[in-house]
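Analysis of the macromolecular model
So the chains spell out like this:
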Amino acid sequence: MQRMNYQIIVAAGSGSRYGGNMPKQFCDLNGRPLLMTTIERLHKCDSESEIIVVLSLDMTDEWRQMSDEYSFAIKHTIVVGGATRAASVKNAIDHIERSTCGTPGWISIHDAARPVITPKLFKAIVDGLDGYDGALPACKLSDSIRRIETTGSVAVDRSLYRSVQTPQIFHADILIDAYRQPLRPEFTDDASVMEAAGYTNLCLVDGDPHNIKVTNPGDMAVAELYLSLL
Ligand code: CTP
Ligand code: MG
């Protein structure tokens, strides 16, 4: 039997660092809400998988109205999010567990706020999954790094660190198992949830410096620029 794959897009955050009168994933990117570009590009990365978009309860009606207004037609399931990113992912995983008959294949989890995802990066991550518990994109650091200590700060060797992006892709059965543990505040991505559950065999794939997470004011223009270069 063909195994079903899933793409979770987490879009239930409030975008407090970005500011504005709406969370950043609904702010304008190339003439429409950013989230539409992210969904469209992920659909292009893998059109066979089921797309699950996690939204905060108070944005679901507004999102449906936006979808009508822009005739946004890419099929997706809406799940209501939680207070933290991990809680939002958990709600989507619970939905997958409830609705799946048979064994799901892989689950990809992507930040809605990263619209510059490319099929090339997505394929590299899916390929990286083979023989590992999961695969995720990671970039070398270009800034120098200092660790903050009670007495001041100390320089560290930046070659020992990577900054981590999404999508992160995992075999569904073990991701579902990892998300059964109590969620902790330090779970800022899904690899950290997997690791805490003992699934430490993770493949780091070269990330894409253009795959930015729109976070601070000004990042939207940078995302538009990177999209124009594709
Ligand atoms: N996210 C989510 N549910 C939450 C918190 C975050 O689905 N409770 C999503 C965001 O919508 C975003 C992704 O997780 O697409 C990455 O989080 P981040 O960039 O931190 O977004 P926000 O939490 O919305 O922004 P901020 O931290 O600035 O408030
Ligand atoms: Mg956040």
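Heads up: the structure comes first, above all this text.
What follows is about the site of ligand 1. Around ligand 1 sit 19 residues in total, of which Val 10, Gly 15, Ser 16, Ser 88 and Lys 213 are the nearest. Contacts to ligand 1 include Ala 11, whose backbone N or O atom sits 3.5 Å from an oxygen atom. A distance of 3.3 Å separates a nitrogen atom of ligand 1 from a polar backbone atom of Thr 84. The protein chains hide 87% of the 570 Å² of surface that ligand 1 would expose on its own. Assessed atom by atom at 2 Å from the grid points, ligand 1 resides in the largest pocket.

What follows covers the layout of surface pockets. Of the volumes computed, that of the largest pocket is approximately 760 Å³. Lining of the largest pocket is provided by 32 residues; of these, Gly 13, Arg 17, Arg 85, Asp 111 and Lys 213 occupy positions nearest its centre. Contributions of two or more residues to the lining of the largest pocket are made by strand S1 (6-11) and helix H3 (85-99). For the lining of the largest pocket, the element with the most residues is H3, which contributes three residues. Considered class by class, the residues forming the lining of the largest pocket number eleven nonpolar, 13 polar and eight charged. In this structure, the second largest pocket spans a volume of roughly 220 Å³. In terms of lining residues, the second largest pocket is bounded by 13 residues, among which Cys 139, Lys 140, Ser 163, Gln 165 and Pro 209 are the most central.

Parameters and conventions
Residues numbered from 1 in each chain as written. Chains lettered and ligands numbered in written order. Predicted model: local features only at pLDDT ≥ 70, side-chain atom pairs only at ≥ 80, totals over all residues. Heavy atoms only, no water. Near = heavy atom within 4 Å. Polar contact = N/O pair within 3.5 Å; in protein donor to acceptor, adjacent residues only side chain to side chain. Areas by Shrake-Rupley, 256 points an atom, 1.4 Å probe, with all protein chains shown as cover. 1 Å grid on protein atoms, 1.4 Å probe; cavity = no way out; pocket = protein on both sides within 12 Å on 5 of 7 lines; lining within 4 Å. Sits in = over half its atoms within 2 Å of the grid points. Points joined across faces, edges and corners; volume = space filled by probe spheres on them. Helix = DSSP H or I, 4+ residues; strand = E, 2+ residues; numbered from the N terminus. Nonpolar A, V, L, I, M, F, W, Y, C, P; charged D, E, K, R; others polar.

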